[in-house]
Amino acid sequence: MVEIDKERLPRHVAIIMDGNGRWATQRGLNRIAGHRRGKDSVKDVVEAARRLGIEYLSLYAFSSENWQRPKTEVQALMRFLRHYLASEIKRMMKHGIRLEAIGNLRRLPPEVQTALRKAIHQTRDNDGMTVVLAVSYGSREEITEAARSIAAEVHRGELAPDEVTEELVASRLSTAGIPDPDLLIRTSGEMRVSNFQLWQIAYTEIYVTDTRWPDFREQNFLEAIAHYQQRERRFGRTQEQTKLRAAH
Ligand code: IPE
Ligand code: IPE
Ligand code: MG
């Protein structure tokens, strides 16, 4: 049993769900079988996070760069996404889960956009936990878009350069209103962030596990939280200052 301190839960957990392809290849299956199996991990981890009392769970499901994958794989992923949304709305309603999405959603096939919009709309008043699905998401694209919109406002004379603060930039990202992740989990061993929330993870604790996403279940999630609770978050201060602050 993993010991979790309910008083010190991360408010926002983000997951880079990686390793579906390798999970399948290792078993002599095609990569798509790995993605299919990965859906079960999503269901399991969403429920585990909800039970635990996590406020925000972000799931990186498809990156801007993933569009470059073979067409058949992209199509399968889009199909799974649509099925997931259609089949999970009921469960989201039952557990009070609100769905949000970040990313370049206009690039998604129309039927996926419709399913996504419908799920977001139906769950908008739920207040149990927010699941933020990152699909067709790339952080550089997101930051570039924010810079472009700020530049246009300055150009029109609606905003002075001095008014461009960290808060303003953050408010123009697709994650506006969502607290920065406290914990970022990456499955399948890769020590990189692959264009995920580059601005938002400035002080996020990173946890990498070798477990492939299709094998990652509630127990693995709890282990990641337990590891997070061992960390000392200093935000640039000294250890001594950090301890003093924690005591108050
Ligand atoms: C994660 O698994 C799912 C997506 C990126 C869409 P991968 O498909 O990247 O699996 P590996 O990394 O090739 O094993
Ligand atoms: C990151 O995984 C994106 C998602 C999990 C959705 P990738 O498999 O695309 O990342 P790289 O290519 O190994 O960096
Ligand atoms: Mg991968």
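Look up a bit, the structure's there.
I will try to describe carefully the structure that is included in this document.

About the thresholds
Residues numbered from 1 in each chain as written. Chains lettered and ligands numbered in written order. Predicted model: local features only at pLDDT ≥ 70, side-chain atom pairs only at ≥ 80, totals over all residues. Heavy atoms only, no water. Helix = DSSP H or I, 4+ residues; strand = E, 2+ residues; numbered from the N terminus. Buried < 20%, exposed > 50% of the residue type's maximum accessible area, 1.4 Å probe, protein only. Salt bridge = Lys/Arg side-chain N within 4 Å of Asp/Glu carboxyl O. Pairing = 2+ DSSP bridges. Axes fitted to C-alpha atoms, helices over the stretch in contact; angles between N-to-C directions. Contact = heavy atoms within 4.5 Å. Near = heavy atom within 4 Å. Polar contact = N/O pair within 3.5 Å; in protein donor to acceptor, adjacent residues only side chain to side chain. Areas by Shrake-Rupley, 256 points an atom, 1.4 Å probe, with all protein chains shown as cover. 1 Å grid on protein atoms, 1.4 Å probe; cavity = no way out; pocket = protein on both sides within 12 Å on 5 of 7 lines; lining within 4 Å. Sits in = over half its atoms within 2 Å of the grid points. Nonpolar A, V, L, I, M, F, W, Y, C, P; charged D, E, K, R; others polar. Phe/Tyr/Trp six-rings, centres within 6.5 Å; stacked < 30°, edge-to-face > 60°. Lys NZ or Arg CZ within 6 Å of the ring centre and 35° of its normal.

### Concerning unusual backbone geometry
- Positive phi outside glycine occurs at Ser 188, with the angle close to 75 degrees.
- By secondary structure assignment, the location of Ser 188 is in the loop between strand S5 (183-186) and strand S6 (205-208).
- The backbone of Asn 195 shows a phi angle near 65 degrees, a positive value even though the residue is not glycine.
- The topology assignment puts Asn 195 in the loop between S5 and S6.
- Taking relative accessible area as the criterion, Asn 195 reaches 13% and is therefore assigned buried.

### Considering the pattern of salt bridges
- Counted according to the given criterion, the structure contains 22 salt bridges.
- A salt bridge links Arg 69 to Glu 73; the nearest nitrogen and oxygen atoms lie 2.8 Å apart.
- Judged by its relative accessible area of 29%, Arg 69 is partly exposed.
- Residue classification places Glu 73 among the buried residues on the basis of a relative accessible area of 6%.
- One network of salt bridges, with partners in common, ties together Lys 43, Glu 47, Arg 51, Glu 88, Arg 91 and Glu 218.

### Here's the deal with the sheet that holds S6
- Reading across from one edge, S3-S4-S2-S1-S5-S6 is the order of the 6 strands in this open sheet, with parallel pairing throughout. With partners counted over all chains shown, the strands left at the sheet margins are strand S3 (97-102) and S6, one partner each. On average, adjacent strands in this sheet sit at an angle of 20 degrees to one another, irrespective of strand direction.
- Contacts from helix H2 (residues 31-52) reach strand S1 (12-16), strand S2 (56-63), S3 and strand S4 (129-137), with the element oriented near 160 degrees to S2.
- Along the sheet, helix H7 (residues 218-230) makes contact with S1, S2, S5 and S6, crossing S5 at roughly 135 degrees.

### Topic: the site of ligand 1
- Within the structure, ligand 1 sits among 13 residues, and Asp 18, Gly 21, Arg 22, Arg 31 and Arg 69 are positioned closest to it.
- Backbone polar atom of Arg 22 to an oxygen atom of ligand 1: 2.7 Å apart, as the coordinates give it.
- A distance of 2.7 Å separates an oxygen atom of ligand 1 from a polar atom in the side chain of Arg 69.
- Within the complex, 87% of the 370 Å² of free accessible area of ligand 1 lies under protein.
- Of all the cavities here, the one that holds ligand 1 is the largest pocket.
- Among the elements of the structure, helix H1 (20-26), H2 and helix H3 (71-95) are those that each provide at least two residues to the shell around ligand 1.
- Element by element, the count of residues in the shell around ligand 1 is highest for H1, at 3 residues.
- Grouping the amino acids of the shell around ligand 1 by side-chain chemistry returns 3 nonpolar, 5 polar and 5 charged.

### Re the packing of aromatic side chains
- On inspection of all chains with the given rule, the structure shows 6 aromatic pairs.
- Plain terms: the ring middles of Phe 62 and Trp 67 are 4.8 Å apart, the flat faces sit at 70 degrees to each other, and that makes the pair edge-to-face. Per residue, the accessibility class of Phe 62 equals that of Trp 67, and both read buried.
- Seen in terms of ring centroids, Tyr 203 and Phe 235 are 5.4 Å apart; in terms of plane orientation they differ by 45 degrees. Their pairing is tilted. Taken together, the residues span a long stretch of sequence, with Tyr 203 in the loop between S5 and S6 and Phe 235 in the loop between H7 and helix H8 (239-247) at a distance of 32 residues.
- In this structure Tyr 203 comes out as partly exposed when scored by relative accessible area, which is 48%.
- Classification of Phe 235 as partly exposed rests on a relative accessible area of 42%.
- Site record: aromatic cluster; members linked through ring pairs are Tyr 60, Tyr 137 and Phe 196.
- A cation over an aromatic ring shows up here: Arg 79 above the ring of Phe 80, its NZ or CZ 5.8 Å from the ring centre.

Honestly, it's all geometry; don't read function into it.
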